[in-house]
Amino acid sequence: MPGPEPTAGERAFIGLGGNLGDPRASMRAALHRIDEDPDTEVVQVSSLYRTPPWGKTDQPDFLNAVAEVCTRLAPRALLDLCLAAEAALHRVRRERWGPRSIDLDILFYGDREIDEEGLTVPHPRMLERAFVLVPLHEIAPNLVIRGRAVKRHLGAIDSTGVVREAGPGWWN
């Protein structure tokens, strides 16, 4: 059963990525849609990183970033906001880990652990993925996930091939 809606706002992190069309423009548009929601504010956004594909490797490199938001939306409502942004930007889901114009994932939401149909927080595979941990480390190195700071999780994985493409102001 979902928890109550936050009253003052919760700190959440959203992973952004894409590798079709103009993913930078799609991620910028998605961030603006999220920030325009009266119950959600984009607090900070990492640099933009070019990253090799993960899972399905026969596709173009991705652009990835992580955004910190403060939201009064419940986790499911925040997910709905992200999915609506994807839909507005014509995201088509064809294959798992396949190419896409835009992808938004809730990585972390306050101190909550959620395991519902279609929503698992913290994101179940984020600690294995350099394309998530490198930008997350940039904006929240001391965030504790599963008992360890992001900087310690990042030190435990291979981040070869993750290259900074643009600084943190890329989305404005």
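Refer to the preceding data block for the structure.
Residues numbered from 1 in each chain as written. Predicted model: local features only at pLDDT ≥ 70, side-chain atom pairs only at ≥ 80, totals over all residues. Heavy atoms only, no water.

A. The arrangement of unusual backbone geometry in detail. The omega torsion across valine 121 and proline 122 is -5 degrees, close enough to zero to call that bond cis. Inspection of the secondary structure assignment puts proline 122 in the loop between strand 7 (119–121) and helix 3 (130–139). Here arginine 146, not a glycine, exhibits a phi torsion of approximately 50 degrees, which is positive. For arginine 146, a relative accessible area of 51% gives the class exposed. (Helix = DSSP H or I, 4+ residues; strand = E, 2+ residues; numbered from the N terminus. Buried < 20%, exposed > 50% of the residue type's maximum accessible area, 1.4 Å probe, protein only.)

B. Local environment of the pattern of salt bridges. Counted according to the given criterion, the structure contains five salt bridges. Residue arginine 72 pairs with aspartate 39 through a salt bridge whose shortest N-O separation is 3.2 Å. Placement of arginine 72 in the loop between strand 4 (62–71) and helix 2 (75–88) and of aspartate 39 in the loop between helix 1 (23–36) and strand 2 (40–45) is noted, with a sequence separation of 33 residues between them. Linking arginine 76 and glutamate 116 is a salt bridge whose minimum nitrogen-to-oxygen distance equals 3.0 Å. Residue arginine 76 is found in helix 2, and its partner glutamate 116 is found in strand 6 (residues 114–116); the two are separated by 40 residues along the sequence. (Salt bridge = Lys/Arg side-chain N within 4 Å of Asp/Glu carboxyl O.)

C. Highlighting the environment of threonine 57. Take threonine 57: it is sitting in the loop between strand 3 (48–51) and strand 4. Note on threonine 57: relative accessible area 59%, which makes it exposed. Note: C-alpha distance between threonine 57 and proline 99 (42 residues apart in sequence) is 9.8 Å.

D. Spotlight on the packing of helix 1 against helix 2. Running from N to C, helix 1 and helix 2 cross one another at 135 degrees; their axes reach a closest spacing of 10 Å. When the axis of helix 1 is compared with that of helix 2, the two are oblique. Where helix 1 crosses over helix 2, the two elements pack in a sense that is right-handed. The segment helix 1 lies against helix 2, with Ala30, Arg33 and Ile34 engaging Leu81, Cys82, Ala85 and Ala88. (Axes fitted to C-alpha atoms, helices over the stretch in contact; angles between N-to-C directions. Parallel < 35°, antiparallel > 145°, perpendicular 65-115°, else oblique. Left-handed = near helix turned anticlockwise from the far one by under 90°. Contact = heavy atoms within 4.5 Å.)

E. Quick look at helix 1. Taking 1.5 Å per residue as the helical rise, helix 1 with its 14 residues ought to reach 20 Å, and the 20 Å between its terminal C-alpha atoms agrees with that figure. On its buried face, helix 1 is in contact with strand 1 (10–18), strand 2, strand 3, strand 4, helix 2 and strand 5 (103–109). (Expected span 1.5 Å × (residues − 1).)

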